[in-house]
Amino acid sequence: MNILKGNTPQNIRFGEKKSKYYFHIRAFFALLGALLVFSVYINWQTLLEKMDDKPMGAFALMGQKTFTTDADIKESLLKMGSLKGFWGQDVEPIQAQIEALPWVKNAVVRKIWPNRLSIWVTEYQPVAFWNHNQLVTQDGVVFQLPFERLNKQTLPYLGGPDYQSLKVLEAWNQIYADFKAKNLMAKGMTIDERGAWQVTLDNDIVLRLGRGEWKSKLERFVTIYPQIDVPENKKIDYVDLRYTAGAAVGMADK
């Protein structure tokens, strides 16, 4: 509001002291609120633990659990020591502990009031043995599992460097289908560090294919196999197809 006094205009500010006082009050309460929120934040875990009256003491195992047992989960939880209660227990360490089982692909853990855990597991599904002491999935993931848990599954025997697992699987699927169409059965396939292929038939005959392209070599084997003359009391041990034409046949005693 402008008031003229003589020839000089003057500005008069009403309520100036009151505005400054109100500003300081607001700043004080804002600071107090921030300190309260910060205090709750840094003490949140302690507050939650004080609200718990009993630790997590039971669990329910869910999902398509072909290989995982209640005993596996119980042992995993015991390795963690004493669990906290519903409010204080973080489920991420429990999930990580269960996923440490080599055949578990992932796990989801939920807390159920008042002191139970719901555990859902997804497992790797094997399609072949890998390097004699491991297994491999259709996606080429190599993992370990006690073989006694396979429930007598009939699986092919594949092998090679782990980084070649998917390449071997793709080759195996093609060879198995081609051989089956010709009334031949294969039971295994490997590739070594040098990239040399080898196929084993269900009668234990080993086909040495060498490095590089192998399709024409297998076609050659299918052609010459019925023509191989096997002496009495002998059996075919291997067929070496690492030649431009023909093959070398190795015999063994029956």
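Residues numbered from 1 in each chain as written. Predicted model: local features only at pLDDT ≥ 70, side-chain atom pairs only at ≥ 80, totals over all residues. Heavy atoms only, no water.

1. Overview of the pairing of strand β7 (residues 134-137)
Basically, it comes down to this: The classification of residues rests on relative accessible area computed with a 1.4 Å probe and restricted to protein chains. Under 20% of the type maximum is buried, over 50% is exposed, and intermediate values are partly exposed. Helical segments are the DSSP runs of H or I of at least four residues, strand segments are the runs of E of at least two, and each set is numbered from the N terminus. Two strands pair under a simple rule: DSSP has to find at least two bridges between them.
The two faces of β7 match: Gln 134 and Val 136 on one face and Leu 135 and Thr 137 on the other face are all buried. Counted between consecutive antiparallel strands, the loop separating strand β6 (residues 126-130) from β7 contains 3 residues, among which Asn 131 sits at a positive phi close to 55°. Both β7 and strand β8 (residues 142-143) contribute to a ladder of 2 bridges, which runs antiparallel. Bridged to Val 136 within β8 is Val 142. If you look at the hairpin formed by β7 and β8, you'll find 4 residues sitting between the two strands, and Gly 140 has a positive phi there, around 85°.

2. Overview of the pattern of salt bridges
Condition: A carboxyl oxygen of Asp or Glu within 4 Å of a side-chain nitrogen of Lys or Arg is what we treat as a salt bridge.
Counted according to the given criterion, the structure contains 5 salt bridges. Across the pair Arg 149 and Asp 72 runs a salt bridge whose closest N-O atoms are separated by 2.7 Å. One end of the pair, Arg 149, is in the loop between β8 and β9 (157-159); the other, Asp 72, is in helix α3 (residues 70-78), with 77 residues separating them in the sequence. In this structure, the salt-bridge partner of Arg 242 is Asp 240, at a minimum N-O distance of 2.7 Å. Taking relative accessible area as the criterion, Arg 242 reaches 47% and is therefore assigned partly exposed.

3. Observations concerning the sheet that holds strand β4 (residues 104-112)
We apply this condition: Here an angle of 0 to 180 degrees is reported between the N-to-C directions of two axes, which are lines fitted to C-alpha atoms, with helices fitted over the stretch in contact. Contacts are assigned to residue pairs that have any heavy atoms within 4.5 Å of one another.
The strand order across the open sheet built from 3 strands is β3-β5-β4, with neighbouring strands paired in mixed fashion. Of all strands in the sheet, those bounded by a partner on one side alone are β3 (58-62) and β4. Averaged over all adjacent pairs, the angle separating strand axes in this sheet is 20°, with direction ignored. For β3 and strand β5 (residues 116-123), the ladder comprises 5 bridges, and the chain directions are parallel. Note that in β5 the partner of Leu 61 across the bridge is Ile 119. Seen against the sheet, α3 touches β3 and β5 and runs at an angle of roughly 135° to β3.

4. Quick look at the nonpolar core
Test applied: Take the buried residues of types Ala, Val, Leu, Ile, Met, Phe, Trp, Tyr and Cys, join any two whose side-chain atoms come within 4.5 Å, and each joined set is a nonpolar core.
If you look at the biggest cluster of nonpolar residues, it comprises 27 residues, and the most contacted ones within it are Phe 179 and Leu 207. Broken down by secondary-structure element, the contributors of at least two residues to this core are β6, α5 (165-181), β10 (186-191), β11 (197-201), β12 (206-210), α6 (215-224) and β13 (234-240). In terms of residue count, the dominant contributor to this core is α5 (6 residues). Apart from the residues within four sequence positions on either side, Leu 207 is in contact with Phe 179, Trp 197, Gln 198, Val 199, Leu 201, Leu 218, Phe 221, Val 239 and Leu 241. In terms of nonpolar packing, the next biggest core, distinct from the first, is built from 24 residues, Leu 61, Phe 86, Ile 98 and Leu 101 among them.

5. Topic: the pairing of β12
Within β12, 4 of the 5 residues are buried, leaving the element largely enclosed by the surrounding structure. When β11 meets β12, the two strands line up antiparallel, connected through 4 bridges. Looking at β12, one finds that Val 199 is bridged to Leu 207. Strand direction decides the pairing type here: β12 and β13, joined by 3 bridges, are parallel. Bridge pairing links Val 206 to Tyr 238 in β13.

6. A few points about the environment of Gln 144
Checked against the element boundaries, Gln 144 lands in the loop between β8 and β9. Looking at Gln 144, the relative accessible area reads 42%, which means it is partly exposed. C-alpha separation for the pair Gln 144 and Phe 129, spaced 15 residues apart in sequence, amounts to 9.8 Å.

7. So, unusual backbone geometry
For the bond from Trp 113 to Pro 114, the omega torsion is 5°, close enough to zero to count as cis. Along the chain, the position of Pro 114 falls in the loop between β4 and β5. One non-glycine residue with positive phi stands out, namely Asn 233, at about 65°. Secondary-structure assignment places Asn 233 in the loop between α6 and β13.

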